[in-house]
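Spelled out, the chains give:
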Amino acid sequence: MAKTNKNQDTEGQILNAAENVFQKKGMDGARMQEIADEAGINKAMLHYYYRNKQLLFEAVFTKAFSLLAPQLNKILNDDSSIEDKVKNFTHNYITFISKHPYLPNFIIQELNRNPKFFEKIQQNAAFPTLDKFKNQVTLEVEKGILKPIDGEQLFVNIISLNIFPFVATPLIKGFLKIDDKAFKKMMEDRKVSVSEFIINSIKK
């Protein structure tokens, strides 16, 4: 049976509330009662929609990933240059993860706990594909636009430089002795610095 508009509204309310709580408390620190309170419903109603916190967290993740994946897939498979792809990928990724900072740690946590979780992610129709990106890197290397580099290695470099600060936020803030505000400013600056670092390392 199709969900009524009321049910859809309630579920949307729950997911928004859960995302707010997960961002503040993390997966381990969040409590179902706190999420129910944030959503303005009772705990029994919350459990009607999501039996446990893990299922709720996965639903929040799926919702967020379904927004991010098409953006990244479009960038990787459009007709822009590799240089523009690096800039656009980095800008979009950092912008999105700054709004959903729990995502990278959740993915790593789930992959360590449940390797089959990646199969769920891949089922998303907009899951990014790399074939065009890799072929384009090879072509630009052959044309002398880029230094010799493997497309897969380049993609891993892009992902690593973008993901790591969000995975290691407490470590970075501790080493650099910065607060949340300064960290957010640093992430904003990285949209340019990461792009420039990668482009300068691969362009002839």
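The protein chain carries the name TetR family transcriptional regulator in an unreviewed UniProt entry, which gives Aequorivita soesokkakensis as its organism.

Enquirer: Where do I start with the UniProt feature "transmembrane region" (unreviewed entry) in the protein chain in this structure?
Expert: Mapped onto this numbering, the UniProt entry gives "transmembrane region" (unreviewed entry) at residues 154-176. Span residues 154-176 is 96% helix and 0% strand, its end C-alpha atoms 27 Å apart.

Enquirer: How should the nonpolar core be read in this particular structure?
Expert: One recurring pattern in soluble globular proteins is that nonpolar side chains are buried together. Counting 55 residues, the largest nonpolar core has F22 and L56 as its most contacted members. Of all the elements, helix 4 (residues 53-77) adds the most residues to this core, at 12 residues. Mapping this core onto the domain boundaries places at least three of its residues in each of domain 1 (1-51) and domain 2 (54-202).

Enquirer: For this particular structure, what's the right way to read the packing of aromatic side chains?
Expert: Within a pair of aromatic rings, the relevant descriptors are the distance that separates the centres and the angle that separates the planes. Going through the model one piece at a time under the given rule, you end up with eight aromatic pairs. Taking 5.2 Å as the distance between ring centres and 90° as the angle between the ring planes, the aromatic pair formed by Y48 and Y49 counts as edge-to-face. Residue Y48 is classed as exposed on the basis of its relative accessible area, which comes to 62%.

Enquirer: Sorry, what's going on with the domain arrangement of the protein chain here?
Expert: Often, the extent of an interface is quoted as the loss of accessible area on bringing the components together. If you check the domain split of the protein chain, you get domain 1 (1-51) and domain 2 (54-202). Here domain 1 and domain 2 have C-alpha centroids that lie 28 Å from each other. Facing 14 residues of domain 1, the contacting portion of domain 2 comprises 12 residues. Summing the contributions of domain 1 and of domain 2, the shared interface buries around 1,200 Å²; its carbon and sulfur component is 73%. Contact with domain 2 buries area across many residues of domain 1, yet E19, F22 and M27 alone supply 45% of it, more than any other trio. Counting across the interface, domain 1 meets domain 2 through zero salt bridges.

Enquirer: Explain the side chain of N162 to me, please; I cannot follow it from the model alone.
Expert: Topologically, N162 is positioned in helix 9 (residues 151-167). Given the relative accessible area of 1%, N162 is considered buried. Residue contacts for N162: discarding those within four places in its chain leaves F89, T90, Y93, I94 and V194.

Enquirer: Sorry, what's going on with the UniProt feature "domain: HTH tetR-type" (unreviewed entry) in the protein chain here?
Expert: Under the local residue numbering, the UniProt record ascribes the feature "domain: HTH tetR-type" (unreviewed entry) to residues 8-68. For the annotated span residues 8-68, helix accounts for 87% and strand for 0% of the residues, and the straight-line distance between the end C-alpha atoms is 21 Å.

Enquirer: What's the story with the packing of helix 9 against helix 11 (residues 180-202) in this structure? I'm lost.
Expert: Axis angle and axis distance: for two packed helices, these are the angle between their axes and the distance between the axes, and together they describe the pair. The N-to-C vectors of helix 9 and helix 11 enclose an angle of 165°; their axes lie 10 Å apart at closest approach. By the angle class used here, helix 9 and helix 11 are roughly antiparallel. Crossing angle aside, the handedness with which helix 9 passes helix 11 is right-handed. Only F183, M187, R190, V194, F197, I198 and I202 of helix 11 make contact with helix 9, whose side of the interface consists of L154, I158, L161, N162, P165 and F166. Classifying every residue of the contact of helix 9 with helix 11 by side-chain character gives 11 nonpolar, one polar and one charged.

Enquirer: Is there a simple way to explain the side chain of E140 in this structure?
Expert: Turning to its location among the elements, E140 is positioned in helix 8 (residues 131-142). For the buried E140, which has no salt bridge, the nearest side chain bearing the opposite charge is K85, at an N-O separation of 7.0 Å. Polar side-chain contacts of E140 include one of 3.1 Å to the backbone nitrogen of I82. Discounting residues that sit within four places of it in the chain, E140 has contacts with S81, I82, I145 and L146.

Definitions and limits used
Residues numbered from 1 in each chain as written. Predicted model: local features only at pLDDT ≥ 70, side-chain atom pairs only at ≥ 80, totals over all residues. Heavy atoms only, no water. UniProt positions renumbered as here; feature names shortened; annotations may be inferred. Helix = DSSP H or I, 4+ residues; strand = E, 2+ residues; numbered from the N terminus. Core = buried A, V, L, I, M, F, W, Y, C linked by side-chain atoms within 4.5 Å. Buried < 20%, exposed > 50% of the residue type's maximum accessible area, 1.4 Å probe, protein only. Domains from an automatic or database assignment. Phe/Tyr/Trp six-rings, centres within 6.5 Å; stacked < 30°, edge-to-face > 60°. Contact = heavy atoms within 4.5 Å. Buried area = accessible area lost by both parts, 1.4 Å probe. Salt bridge = Lys/Arg side-chain N within 4 Å of Asp/Glu carboxyl O. Axes fitted to C-alpha atoms, helices over the stretch in contact; angles between N-to-C directions. Parallel < 35°, antiparallel > 145°, perpendicular 65-115°, else oblique. Left-handed = near helix turned anticlockwise from the far one by under 90°. Nonpolar A, V, L, I, M, F, W, Y, C, P; charged D, E, K, R; others polar. Lys, Arg positive; Asp, Glu negative; His and termini not counted. Polar contact = N/O pair within 3.5 Å; in protein donor to acceptor, adjacent residues only side chain to side chain.

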